[in-house]
Each structure stands twice: as C-alpha cells, then as structure tokens.
Amino acid sequence: MRQRLSSEPDRYRGRRRVPTPPRSRYAAVVTTAFVGAGIVALGANALPDAKSVSPSVLDELKQASITSQDAAARSDSADRASRSDRTDGKATAEQDVWLLPLHNYDFKTSYGMHWGKLHTGIDLVAPEGTPYVAIHAGTVTKAGWFGGYGYAVIVQHADGSEAIYGHSSALNVKEGQQVQAGDQLGLVGNTGHSYGSHLHLEVHVNGKPLDPVPWLKKRDVDIQLQIEAIYGEVAAS
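The protein appears in an unreviewed UniProt entry as Peptidase family M23 from Micromonospora eburnea.

Right under this line is the structure:
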C-alpha cells in the first residue's frame, strides 16, 4: 500500500483530478452553440457543415434575421392598409343609402294643393310614439319647435338637399349632430298645426320644396309602396 504523503490533502483521497480544458475548447463550445441557434432559425440546409462556418456566414445569419423582420413589418402594414380600405368602402356605401322614414304607415296626404293651399310635403299616418329615422346621412341643422311643424328635425344632406320631419312628439337628436340613414330622429306625434298623429315629411332642394315621391323614387325608395330597394343591396354586401 502506497504511503500517503503528508503534503497530499485529504480531499484528494480516492479521486481523480479532471484536467482543465484549454481556452480554445471553451471558444469552440460557444461558437458551436451560436451557430446551432442559427441553424435552427434558418433550417438545417442553410449551412453546409459545421466545420465550414466562418464569420461571413454568421453575418449572413444576422442579415437574414433582419430581412425576415422587415418582411413581417411590410406584411403587417399592408394588412392594416387593406382593413382601412374595407372600412372606407363600407363608410361610402352607408353614405349612399336612402331609406323609408318608418314602416307600417298609411300614406295619407300627398304633395300639392289641398284645401286651397300648397301642401309642401307628404303625411304618413302612424300611432303616436312610433319611431322614425333619417332617410339619408347628413347633419342635423334643426331640432326643436318649428312653428306649424311643431317639434321638428331638419337634416341637411351632403348634396345640399334637406329633409324636414314634422309634428314629432319627441326628438332624439341635437343640432349639429351627424346622422346616418336609419338613425332614429324622433317619435311620431301630433304637435303644431296637425290634424292627428302622423309624420310630415318634406324635401327641399336649393331652399324650395319638391314632391318627395318622385324625388325618392330616383333614389330607389318608393314611399307609396313602402319599398327601399337599395337598403337590401347594401345589407347583402
């Protein structure tokens, strides 16, 4: 049995010392890990062989990563632009819609001479409190008491024409408010110079009243037959 030297520490008894690898081996390990990450990112075929890796290849890996990020950014930008185009198209379609002011009414009094006076609009008879809506998009220029019209709403459209809704029992909009076709404006009533519960509708162009019936027919709305053809087309799209 070998005699233990007094200078040999007890902690080394029965153990083998593992030699410290040279610095070059640590460098090889770090380089291999970095290159391996690049192979995973770009695919196994991106590099021909680990032994042939050079600094230029590492630069190519970095450049490929930057290029990939740029492509993703361009794709995201294009997708946002596409969504914006669809939204703008939808807004344009909504602005082109013309609708009936309400449904299930009786077409009572037409535009023209009645009782020795010009009746400047049409009367649509409906129960008091029935909601009515904007026939087209525009800006509310009047919302309140309006003489013989009672409580009334006036909406000016983008083409300069105006729609007047009279004899309301209540109003749901304010002056200056932007509305779309189909937005509720108020409730049918019997205020002002009215003979019963109904909605009085007028259309003015260049400040002068026109017969709403033929004018709305040109916009695919038949107020006598209660048809709003364009609404179905837009809803289907």
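Still more ground to cover, so stick around.
Participant: I tried to follow the environment of Asn172 on my own but got confused; where do I start?
Facilitator: As for its placement among the helices and strands, Asn172 is situated in the loop between β8 (162-171) and β9 (178-179). Look at Asn172 and you get partly exposed, because its relative accessible area is 41%. As for Asn172 and Val153, which are separated by 19 residues in sequence, their C-alpha atoms are 9.3 Å apart. Contacts of Asn172, omitting those with residues within four sequence positions, involve Gln184, Leu185, Gly186 and Leu187.

Participant: How should the packing of aromatic side chains be read in this particular structure?
Facilitator: Ring pairs (aromatic) are described by centroid distance and by the angle formed between their planes. Using the criterion set out here, one finds 4 aromatic pairs in the structure. For the ring pair Tyr132 and Tyr165, a centre distance of 5.6 Å and an interplane angle of 15° mean the geometry is stacked. Of the two residues, Tyr132 sits in strand β5 (residues 131-133) while Tyr165 sits in strand β8, which places them 33 residues apart along the sequence. Residue Tyr132 is classed as buried on the basis of its relative accessible area, which comes to 0%. Owing to a relative accessible area of 0%, Tyr165 belongs among the buried residues under this scheme. In this structure, Arg219 is placed above the aromatic ring of Trp98, and the distance from its NZ or CZ to the ring centre is 5.3 Å.

Participant: How do you make sense of the environment of Val125 when you look at a structure like this?
Facilitator: Here Val125 is to be found in strand β4 (residues 122-125). Put simply, Val125 and His198 are 73 residues apart on the chain and 4.1 Å apart in space, counted from C-alpha to C-alpha. Sequence-distant contacts of Val125, defined by excluding residues within four places in its chain, comprise Tyr105, Asp106, Lys108, Tyr195, Ser197 and His198.

Participant: What should I look at first to understand the side chain of Glu202 in this one?
Facilitator: For Glu202, the position within the fold is in strand β11 (residues 198-205). Buried and unpaired, Glu202 has Lys117 as its nearest opposite-charge partner, separated by 13 Å. There is a polar contact of 2.9 Å between the side chain of Glu202 and the side chain of Tyr149. The residues contacting Glu202, other than those within four sequence positions of it, are Thr120, Gly121, Tyr149, Glu162, Ala163, Ile164 and Pro212.

Participant: Hey, could you run me through the confidence of the model for the protein in this one?
Facilitator: Interpretation of this model should avoid reading the predicted coordinates in detail wherever pLDDT is low. Residue-level pLDDT values for the protein average 76, and 57% of them are 70 or greater. Here residues 20-52 scores under 50 on pLDDT; set against residues more than four positions off or in separate chains, the count is 12 contacts.

Criteria and cut-off values
Here the residue index of a chain counts from 1 through its sequence in written order. Selection of residues for local features in this predicted model requires a pLDDT of at least 70, selection of side-chain atom pairs for listing and counting requires 80 or more, and totals for whole chains, interfaces and linings are taken over all residues. Each side-chain value is derived from all of the structure's non-hydrogen atoms; neither hydrogens nor water enter the calculation. Secondary structure is summarised from DSSP: a helix means a run of H or I of at least four residues, a strand means a run of E of at least two, and numbering begins at the N terminus for each. Burial classification: accessible surface area is computed with a 1.4 Å probe over protein chains only, and a residue below 20% of its type maximum counts as buried, one above 50% as exposed, and the rest as partly exposed. What makes two residues a contact is simply this: any of their non-hydrogen atoms within 4.5 Å. Note on aromatic pairs: the rings of Phe, Tyr and Trp (six-membered ring only in Trp) are paired at centre separations within 6.5 Å, and the planes decide the class, stacked below 30 degrees, edge-to-face beyond 60, tilted for the rest. Geometrically, a charge over a ring is one whose NZ (Lys) or CZ (Arg) sits within 6 Å of the ring centre while staying within 35 degrees of the ring normal. His is not counted, nor are the chain ends, whereas Lys and Arg count as positive and Asp and Glu as negative. For this document, the term salt bridge refers to a Lys or Arg side-chain nitrogen within 4 Å of an Asp or Glu carboxyl oxygen. Pairing of N or O atoms within 3.5 Å defines a polar contact, subject to two protein rules: one partner must be a possible hydrogen donor and the other a possible acceptor, and residues neighboring in sequence count only if both atoms are side-chain atoms. Confidence of the prediction at every residue is given by pLDDT, a number between 0 and 100.

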